[in-house]
Amino acid sequence: MNSETLKEQWTEKGYFVVPKLLNFDRVQELRLIGDRILNQWIQESSNPSEAANLTNMAFLTEPRYFKQHPQQLTQLLNLISDENILDIIETICDFTLLFHNTQYFFNPANKTRNGDWHRDQQFCAANEKIEQLRMQNTVGIHLHIAFLPDNNLEYIPGSPTRWDSPEEIEIRKGLNGKPKNSTLSHATRIHLDVGDAVFFNAWGIHRGNYIADIPRRTFDIIYGTIPDWYTPPPTCFLQENILTPLTPRKQLFFQRFIDTYKNQW
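Residues numbered from 1 in each chain as written. Predicted model: local features only at pLDDT ≥ 70, side-chain atom pairs only at ≥ 80, totals over all residues. Heavy atoms only, no water.

This part takes up helix α4 (residues 70-80). Those residues of α4 that sit buried are Q72, L73, T74, L76, L77, L79 and I80. Those residues of α4 hidden inside the fold are in contact with α2 (24-44), α5 (83-92), β3 (98-106), β5 (140-146), β10 (217-224) and α8 (248-261). (Buried < 20%, exposed > 50% of the residue type's maximum accessible area, 1.4 Å probe, protein only. Helix = DSSP H or I, 4+ residues; strand = E, 2+ residues; numbered from the N terminus. Contact = heavy atoms within 4.5 Å.)

Quick look at the sheet that holds strand β2 (residues 56-58) now. With respect to topology, six strands assemble into an open sheet ordered β1-β8-β5-β10-β3-β2, the strand pairing being antiparallel. Strand pairing shows two members of the sheet lacking a second neighbour, β1 (15-18) and β2, which therefore form its edges. Taking the axes of each pair of neighbouring strands and ignoring which way they run, one obtains an average angle of 20 degrees across the sheet. The pairing of β5 with β10 spans seven bridges and is antiparallel. Each residue of the ladder has a partner; that of G140, found in β10, is G224. Docked against the sheet, helix α1 (residues 3-13) engages β1, β5 and β8 (197-201), running at close to 140 degrees with respect to β1. (Pairing = 2+ DSSP bridges. Axes fitted to C-alpha atoms, helices over the stretch in contact; angles between N-to-C directions.)

Right, let's talk about the pattern of salt bridges for a bit. For the structure on display, the rule yields 20 salt bridges. One salt bridge connects E44 with R64, and the closest N-O pair in it is separated by 2.1 Å. One end of the pair, E44, is in helix α2; the other, R64, is in the loop between β2 and α4, and 20 residues separate them in sequence. Residue R64 is classed as partly exposed on the basis of its relative accessible area of 32%. For the salt bridge of K178 with E170, the shortest nitrogen-to-oxygen distance reads 3.0 Å. Classification of E170 as buried rests on a relative accessible area of 17%. Through salt bridges with shared partners, a single ionic network connects R119, E131, D164, R172 and K173. (Salt bridge = Lys/Arg side-chain N within 4 Å of Asp/Glu carboxyl O.)

Strand order in the open sheet made by the four strands is β4-β9-β6-β7, with antiparallel pairing throughout. Looking along the sheet, the strands with just one partner apiece sit at the ends: β4 (113-114) and β7 (188-192). Sheet analysis places β4 next to strand β9 (residues 206-210), joined by two bridges and oriented antiparallel. Across the sheet, residue N114 finds its bridge partner in β9, namely N209.

With that out of the way, let us pick up the side chain of R134. Among the structural elements, R134 can be located in helix α6 (residues 128-137). From its side chain, R134 meets the backbone oxygen of F123 in a polar contact 3.0 Å long. Aside from chain neighbours lying at most four places away, what touches R134 is Q121, F123, C124, A125, W203 and W229. (Polar contact = N/O pair within 3.5 Å; in protein donor to acceptor, adjacent residues only side chain to side chain.)

Turning to the pairing of β9, a few remarks are in order. Burial within β9 is extensive, with five of its five residues counted as buried. Burial of β9 is two-sided: the residues H206, G208 and Y210 facing one way and the residues R207 and N209 facing the other way are all buried. As paired strands, strand β6 (residues 150-155) and β9 are joined by three bridges and run antiparallel to one another. Paired with E154 across the two strands is R207, which belongs to β9.

Let us now look at the packing of aromatic side chains. One pass over the full model with this rule turns up 20 aromatic pairs. Between W10 and F16 the ring centres are 6.0 Å apart and the planes differ by 70 degrees, which places this aromatic pair in the edge-to-face class. Residue W10 shares its accessibility class with F16, and that shared class is buried. Site record: aromatic cluster; members linked through ring pairs are F99, Y223, F237, F253, F254, F257, Y261 and W265. In this structure, R134 is placed above the aromatic ring of W229, and the distance from its NZ or CZ to the ring centre is 3.9 Å. (Phe/Tyr/Trp six-rings, centres within 6.5 Å; stacked < 30°, edge-to-face > 60°. Lys NZ or Arg CZ within 6 Å of the ring centre and 35° of its normal.)

In terms of burial, β5 is a largely internal element, seven of the seven residues being buried. Residues G140, H142, H144 and A146 of β5 are buried on one face, and the alternating residues I141, L143 and I145, pointing to the opposite face, are buried as well. With five bridges joining them, β5 and β8 adopt antiparallel strand pairing. Looking across to β8, one finds that L143 is bridged to F199.

The following block contains the structure:
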């Protein structure tokens, strides 16, 4: 898929799929890392059975996960700043984007449920006017990379370029007795095979589905402009020489993140 096609799909739909972004061997290496971190996170939780029934964990680059595995942290940083990925986000976005966060999606232990429809910019927004201003003035990009086959993401094509229809706003806000996880028949379900990736606009209307008996392991990286409503935590980025093993371009990418937030850390 050439850069012009990616840009067109991004503008028109708000998402696109890149088949085999990662090869099988790299996926297997990264899944071992992700699963080890997930297991540690569950075991360290105050309520492990409750944690195992959540849908995802965040901040996979926290130093506590790598005390015995420093090389694995470098592998994750290399993934987040992969030059292929940086090329793609530079193609589709006219803004300079920063790293924001990582998440690891997994199937809940025994509590199946459909997720709520949402736009990411609705969180911490006091009203719809603020949501709309964020849509116009900021950028948020999710990159989901499937470590196992995944068809759990539903997306409303074109929704990042417009405001909600009456049906959408009623469901997204839970108005008039409508559950926030009601069906939207015009949604597209996105299918990913192992190593496939979907880039999607976080400001579009979307939701996940969380099925207990279907294994899921999907690595999520979030990129974006500087949010004025949230400061990402430093995780590993206050450690000395953390960027030394990376290429100059990757170091520059993370250094922009560090320089932007270091005074707030």
